[in-house]
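Okay, here's what each chain looks like letter by letter:
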Amino acid sequence: MKKFLKILLAILAVLVIAMFVIGEKYHYEKSIVINAPAEKVYSHLNSMKAFNEWNPWMKLDPQLQSTYSGVSGQIGDKHCWKSDEKDVGNGCQEITALIPNQKQSTKMAFEGQGEATSDIVLTQEGNATKVVWTLDAEMEYPSNLMKPMMDYWMGKSYEEGLQNLKNFQKNLNLKFFGISKENFIFAEYFNENAGKRL
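Below is a summary of the structure that appears in this document. Predicted model only: the values in this text are computed from it and were never measured. Throughout, a residue's number is its position along its own chain's written sequence, starting from 1. Local features are withheld for residues below a pLDDT of 70 in this predicted model, meaning they are given only at 70 or higher, and side-chain atom pairs are given and counted only at 80 or more; totals for whole chains, interfaces and linings count all residues. Hydrogen atoms and water are omitted, and side-chain values are computed over all heavy atoms in the structure.

Let us look at the nonpolar core. The term nonpolar core refers to a set of buried residues drawn from Ala, Val, Leu, Ile, Met, Phe, Trp, Tyr and Cys, joined through side-chain atoms within 4.5 Å. Exposed residues in this analysis have more than 50% of their type's maximum accessible area, buried residues have under 20%, and partly exposed residues fall in between, with area computed by a 1.4 Å probe over protein chains only. One finds Val41, Ile120 and Val131 to be the most contacted residues of the largest nonpolar core, which totals 25 residues. Residue assignment for this core shows that the elements contributing at least two residues are β1 (25–34), α2 (38–42), α3 (48–52), β4 (91–99), β6 (114–125), β7 (128–138) and α4 (147–176). The residues contacting Val131, other than those within four sequence positions of it, are Lys30, Ser31, Ile32, Ile34, Val41, Ile120, Val121, Leu122, Leu162 and Leu165. Runs of H or I in DSSP of at least four residues are treated as helices and runs of E of at least two as strands, each being numbered from the N terminus. In this analysis, two residues are considered to be in contact whenever any of their non-hydrogen atoms come within 4.5 Å of each other.

Take a look at the structure:
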């Protein structure tokens, strides 16, 4: 029994130390490079409606109730949602800063779950644009021990969202040049496999 208590106390001590080492501040970021100029990418995030076209969380609840307020494409542009799905819940996201072709900043309030801020930063790289999407929040003790799991969940969601944005822009590029998505996929497949047949 004493040995069990010693092990239990040791585990608790490790957890307490880990809580303070990890800290309360949470930061996550993920990036992608999109083959389009910054002004075109920016057009997909300069308003809440544009952002929600590729926002990965919008598809989690087909019955999601959305309300928009403020002036679209300006600071104060706001999207509030209501959902019976526990993974979605209720909340609001509001644009707090816009730098044309460079940055979008928002603040989020999740009902009963606190607040967070997010930045999407664009950097021109030749003819392409690097997109960096960040999230910052406070995680109180002892919930901050969940940071590794948060990284996993955020990684999946941000990866999906950035890929949605990339595909969204790619489809617009194809439409502009009058190329169907099916023909483009066939051309990509042909180019990738042409060398294998030689």
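What follows is about the environment of Ser66. Assignment of secondary structure puts Ser66 in strand β2 (residues 65–69). Among residues more than four places away in sequence, those in contact with Ser66 are Met58, His79 and Cys80.

Turning our eyes to something else, we now look at the packing of aromatic side chains. How two aromatic rings sit relative to each other is set out by the distance from centre to centre and by the angle between their planes. Geometry of aromatic contacts follows a simple scheme: Phe, Tyr and Trp rings, the Trp one being its six-membered ring, pair when their centres are within 6.5 Å, and the pair is stacked under 30 degrees between planes, edge-to-face over 60, tilted otherwise. Going through the model one piece at a time under the given rule, you end up with eight aromatic pairs. With a centroid separation of 5.0 Å and an interplanar angle of 75 degrees, the aromatic rings of Phe51 and Trp54 are classed as edge-to-face. Per residue, the accessibility class of Phe51 equals that of Trp54, and both read buried. A ring pair is formed by Trp57 and Trp133, whose centres lie 6.1 Å apart and whose planes are at 75 degrees; its orientation type is edge-to-face. With Trp57 in the loop between α3 and β2 and Trp133 in strand β7, the pair connects residues that are 76 residues apart, well separated along the chain. By relative accessible area, which is 2% here, Trp133 ends up buried. One aromatic cluster is present, formed by Tyr28, Phe51, Trp54, Trp57, Trp133 and Tyr158 through successive ring pairs. Criterion for a charge above a ring: Arg CZ or Lys NZ at most 6 Å from the ring centre, at most 35 degrees from the ring normal. The aromatic ring of Tyr68 is capped on one face by Lys49, whose charged end is 5.3 Å from the ring centroid.

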